[in-house]
Amino acid sequence: MRLVSPLTQKEVLTMKLLRINETTDIPQFTTNGNDWRNIDEINKNDISDMLNLCIKEDVSLENIDCSQIKNPAQKIIFTNIYNKFKEFIDDKVNFKDQIEGLYKEAMEKYRVD
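Reading guide: rules and limits
- Residues numbered from 1 in each chain as written.
- Predicted model: local features only at pLDDT ≥ 70, side-chain atom pairs only at ≥ 80, totals over all residues.
- Heavy atoms only, no water.
- Helix = DSSP H or I, 4+ residues; strand = E, 2+ residues; numbered from the N terminus.
- Polar contact = N/O pair within 3.5 Å; in protein donor to acceptor, adjacent residues only side chain to side chain.
- Contact = heavy atoms within 4.5 Å.
- Expected span 1.5 Å × (residues − 1).
- Buried < 20%, exposed > 50% of the residue type's maximum accessible area, 1.4 Å probe, protein only.
- Arc of directions from axis to C-beta.

**A closer look at the side chain of threonine 30**
So, point 1. Its place among the elements puts threonine 30 in strand 3 (residues 27-30).
So, point 2. Side-chain polar atoms of threonine 30 contact the backbone nitrogen of asparagine 34, separated by 3.5 Å.
So, point 3. A distance of 3.0 Å separates a polar side-chain atom of threonine 30 from the backbone oxygen of aspartate 35.
So, point 4. Apart from residues no more than four positions distant in its own chain, threonine 30 is found in contact with Lys16, Leu17, Asp35, Trp36 and Met50.

In structure tokens form, the structure reads like this:
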């Protein structure tokens, strides 16, 4: 009996945070990978949760054509959030290295011999 190989860890953990609903053209976000809400409902706690996901998980942002978004306010909100998250995800390795460097410096500074 041949077993089907399981998904790799990367395939399991890769998730999307932002999308445009194909039937309504309304931009949406998720904080858990399952429940999608309209972008104009986003708040600071949602953004914090999304940033934490970006740090802990393998998150991807597809290239999205924002011209299909009809509502101008939703377009502005979505575009700004998309650009900031894209920048953050693209620079995630450097960001993690900076954080680890800060912890390393603090550990060395306050180390008790």
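Now, onward.
**Examining helix 2 (residues 44-56)**
So, point 1. Given a rise of 1.5 Å per residue, 13 residues ought to cover 18 Å, and the 18 Å separating the end C-alpha atoms of helix 2 matches this to within 8%.
So, point 2. If you check which residues of helix 2 are buried, you get Asp46, Met50, Leu53 and Cys54. Viewed end-on, helix 2 has its buried residues packed into an arc of 100°, placing them on one side of the element. Along helix 2, exposed side chains directed more than 90 degrees from the buried face belong to Lys44, Asn45 and Lys56.
So, point 3. Backbone nitrogen of asparagine 45 and a side-chain oxygen of the N-cap are separated by 2.9 Å at the start of helix 2; the cap is asparagine 43.

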